[in-house]
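A structural walkthrough
Take a look at the letters that make up each chain.
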Amino acid sequence: MSTINYRLICLLIGLFLSKLTMLMVIPLGLSFIDHDGLTFHYVQSAGVTAISAIALLALGRGTRRSLSQLTMRVRDMFMLTTLTWLVMTAFAALPLIFVPHTSYTDAFFETMSGVTTTGSTVMSGLDALPRSILIWRSLLQWLGGIGFIVMGVGILPFLNVGGMRLFQTESSDWSDKPVPQTRRYTQQLLWLYIGLTLLCSLCYWLTGMSLFEAVCHAMTTLSTGGFSTSDSSMAEFSSASHWVGSVFMLLGGLPFILFILMIRRRSLKVWRDEQVSGYLALIAVTTLILSVWMWQVEPVDYIDALRLTLFNIVSVITTTGFALGDYTQWGSLAVVMFFFLTFVGGCSGSTAGGLKIFRFQVAFKVIYQHMKRLVHPAGIFPRRYNDREISDEIITSMIVLMHLFFLTWVLLSLALAMLGIEPLTALTGALTALTNVGPGLGDQIGPSGNFADLPDTAKWLLSIAMLLGRLEITTAAVLLLPTFWRK
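Residues numbered from 1 in each chain as written. Predicted model: local features only at pLDDT ≥ 70, side-chain atom pairs only at ≥ 80, totals over all residues. Heavy atoms only, no water.

A separate point is the overall build of the protein chain. Each helix and strand in the protein chain was counted, giving 21 helices and two strands. A compact globule built from 487 residues should have a C-alpha radius of gyration of about 23 Å, and the protein chain, at 22 Å, falls within 12% of that. Referenced to the eigenvectors of the C-alpha coordinate spread, the extents of the protein chain come out at roughly 75 × 70 × 55 Å. Here the protein chain holds 487 residues, and the buried ones make up 56% of them. Of the contacts made within the protein chain by residues no fewer than 6 positions apart, 72% connect residues no fewer than 24 positions apart. Surface summary for the protein chain: the accessible area is close to 20600 Å², and the carbon and sulfur share equals 68%. (Helix = DSSP H or I, 4+ residues; strand = E, 2+ residues; numbered from the N terminus. Rg over C-alpha atoms; globule rule 2.2 N^0.38 Å. Buried < 20%, exposed > 50% of the residue type's maximum accessible area, 1.4 Å probe, protein only. Contact = heavy atoms within 4.5 Å. Areas by Shrake-Rupley, 256 points an atom, 1.4 Å probe, with all protein chains shown as cover.)

So, in structure tokens, the structure goes:
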């Protein structure tokens, strides 16, 4: 008996590619309306993707019965999760190779940055690019955002990746059997996601953006992606749009399952969640500290300082990556603070990347418990999070993830340095890829730069890092174990 159900995986990836083909109709239609000369290229991209989808569906014949009976095993889930993001990225990159001076390496990097909602870019001259290309970049991030919500709520808790099982009981009927209930929960999450995107689009439009700009930025704001239609990013638009962006980025960093629970239970008690309170408290405290600092060192009034610091802090913590000015010019405190905020990330079950708030909270609980045991060796001090016991299995899973994260960061930074990249760019480039934040620090990849001038090898390494960060590292790393492939 085969270790992995390859036919079932081919069938599912084929289904995903068929949906990607349909999504390509949107830029194709816009290209036809604008007469930008790319219509035939979109037809080619959609055709190649459709043929590949049909081929994979053919390979997966005979598994529809097993699919309906939901016989996926843990190894199938690990394999499917990693392959889906890789294959979708490879085909979604096809439309971008028709942008002038864009190689497939650049197209793959841009696409991986899009679907992982990282926001790093190799493209410049965005203001002059065809609308069909700009909408495709935004769609990639929007698609990646909802994809990660579904994965974070239904798949990662089931696989116990990085301590995510701590959130399993919120949707136990889905998490115990991730495939049978995926459709129902996905529909609810998708409608919520669409509704918030439309609301964000309306708010952006009311602040003075064109309808096209509003829709594009709404998709990349709620998905905490950070792609923009302008090289100046959000600095191109009004101050009112910055407040709107801050609010919807903050919403994108919250657990989407809580919105659904609020509607079901008709109660706001779910907002007592420790993760949410910690997330909001971190944003409030860091914004207060940095806004006062900026007010003192920069020639701006306090409201402008608050607007700039809130937007940039929310952008970094939620790993959105929108730029509003160059915060590396605000002084040493700002640079150091933004560097450490890059690690944090948003909440579990959100569109945000990073290490996630809850892991830091649990780590502090474990440290506090250990310190109390030093004083009272015979004492019993239970570890609880949101009134649930934190098992040793969850702690072990978190320790493994965080060690893998820092080990990967070190190795990737060294690899980038070996390519001749200067130290600050290598360190922060590796970090921003693993945390899916977007901009790093320094003149080259900082908030006012991009990744275009990096060597092709570096772009492939960073693309892999973005995928590892989005899949919480362990999900992909487990495929490298020889025992994974044994019968």
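The subject of this paragraph is the packing of aromatic side chains. Counting across every chain of the model gives 18 aromatic pairs. When the ring of Phe339 is compared with that of Phe340, the centres are 5.4 Å apart and the planes differ by 70°; the resulting orientation is edge-to-face. Look at Phe339 and you get partly exposed, because its relative accessible area is 22%. For Phe340, a relative accessible area of 52% gives the class exposed. Summarising the aromatic geometry, the rings of Phe339 and Trp409 are spaced 6.5 Å apart at their centres and angled 45° between planes, so their arrangement reads as tilted. Separated by 70 residues along the polypeptide, Phe339 in helix H15 (residues 332-344) and Trp409 in helix H17 (residues 392-418) bring together distant segments of the chain. Through successive ring pairs, a cluster of aromatic residues spans Phe339, Phe340, Phe343, Phe405, Phe406 and Trp409. (Phe/Tyr/Trp six-rings, centres within 6.5 Å; stacked < 30°, edge-to-face > 60°.)

So, on to the environment of Gly420. Summarising the element assignment, Gly420 is placed in the loop between H17 and helix H18 (423-434). For the pair Gly420 and Met466, spaced 46 residues apart in sequence, the C-alpha to C-alpha distance is 21 Å.

At a closest axis distance of 8 Å, the pairing of helix H14 (residues 302-317) and H15 adopts a crossing angle of 40°. In this structure, H14 contributes Asn312, Ile313, Val316 and Ile317 to the contact, and H15 contributes Phe338, Leu341 and Thr342. Residue composition of the contact of H14 with H15, by class: five nonpolar, two polar and no charged. (Axes fitted to C-alpha atoms, helices over the stretch in contact; angles between N-to-C directions. Nonpolar A, V, L, I, M, F, W, Y, C, P; charged D, E, K, R; others polar.)

For Thr224, which is not glycine, the phi torsion reads 50° and is therefore positive. The topology assignment puts Thr224 in the loop between helix H10 (211-222) and helix H11 (239-252). The exposure class of Thr224 is buried, given its relative accessible area of 0%. For Ser233, which is not glycine, the phi torsion reads 55° and is therefore positive. Take Ser233: it is sitting in the loop between H10 and H11.

This part covers the confidence of the model for the protein chain. Do not read the predicted coordinates in detail wherever pLDDT is low. Residues at a pLDDT of 70 or more form 92% of the protein chain, whose mean pLDDT is 86. Between residues 169-180, whose pLDDT stays under 50, and residues either more than four places distant or in other chains, the model counts 31 contacts. (pLDDT = per-residue confidence, 0-100.)

A few words on the nonpolar core. Residues Trp136 and Phe256 are the most contacted members of the largest nonpolar core, which totals 143 residues. Tallying contributions element by element places helix H7 (residues 131-159) first for this core, with 14 residues. Residue contacts for Phe256: discarding those within four places in its chain leaves Ile149, Leu189, Leu192, Tyr193, Leu196, Leu222, Leu251, Gly349, Ser350 and Thr351. (Core = buried A, V, L, I, M, F, W, Y, C linked by side-chain atoms within 4.5 Å.)

Across all of its chains, the model carries eight salt bridges by this definition. Residue Lys365 pairs with Glu274 through a salt bridge whose shortest N-O separation is 3.3 Å. Taken together, the positions of Lys365 in helix H16 (residues 357-375) and Glu274 in helix H13 (residues 274-297) put the pair 91 residues apart, joining distant regions of the chain. Note on Lys365: relative accessible area 27%, which makes it partly exposed. (Salt bridge = Lys/Arg side-chain N within 4 Å of Asp/Glu carboxyl O.)

This part is about the environment of Leu471. Note on placement: Leu471 falls in the loop between helix H19 (456-470) and helix H20 (474-477). Residue class for Leu471 comes out buried when judged on its relative accessible area of 0%. Along the backbone, Leu471 and Thr116 are 355 residues apart, and their C-alpha atoms lie at a distance of 8.9 Å. Here Leu471 is in contact with Thr81, Thr82, Trp85, Met151, Val161 and Ala476, once residues within four sequence places are set aside.

At their nearest, the axes of helix H1 (residues 6-23) and helix H3 (residues 39-59) sit 7 Å apart, and the two run at 155° to each other. Put simply, H1 runs roughly antiparallel to H3. Here H1 and H3 pass one another in a crossing that is left-handed. Of the residues in H3, those in contact with Arg7, Cys10, Leu11, Ile13, Gly14, Leu15, Leu17, Ser18, Leu20 and Thr21 of H1 are Ala46, Thr49, Ala50, Ser52, Ala53, Leu56, Leu57 and Leu59. When grouped by side-chain class, the residues that make up the contact of H1 with H3 number twelve nonpolar, five polar and one charged. (Parallel < 35°, antiparallel > 145°, perpendicular 65-115°, else oblique. Left-handed = near helix turned anticlockwise from the far one by under 90°.)

Tracing the backbone through its elements, the reader meets Asn312 in helix H14. Look at Asn312 and you get buried, because its relative accessible area is 0%. Among the polar contacts made by the side chain of Asn312, one reaches the main-chain carbonyl oxygen of Leu308 at a distance of 2.8 Å. (Polar contact = N/O pair within 3.5 Å; in protein donor to acceptor, adjacent residues only side chain to side chain.)

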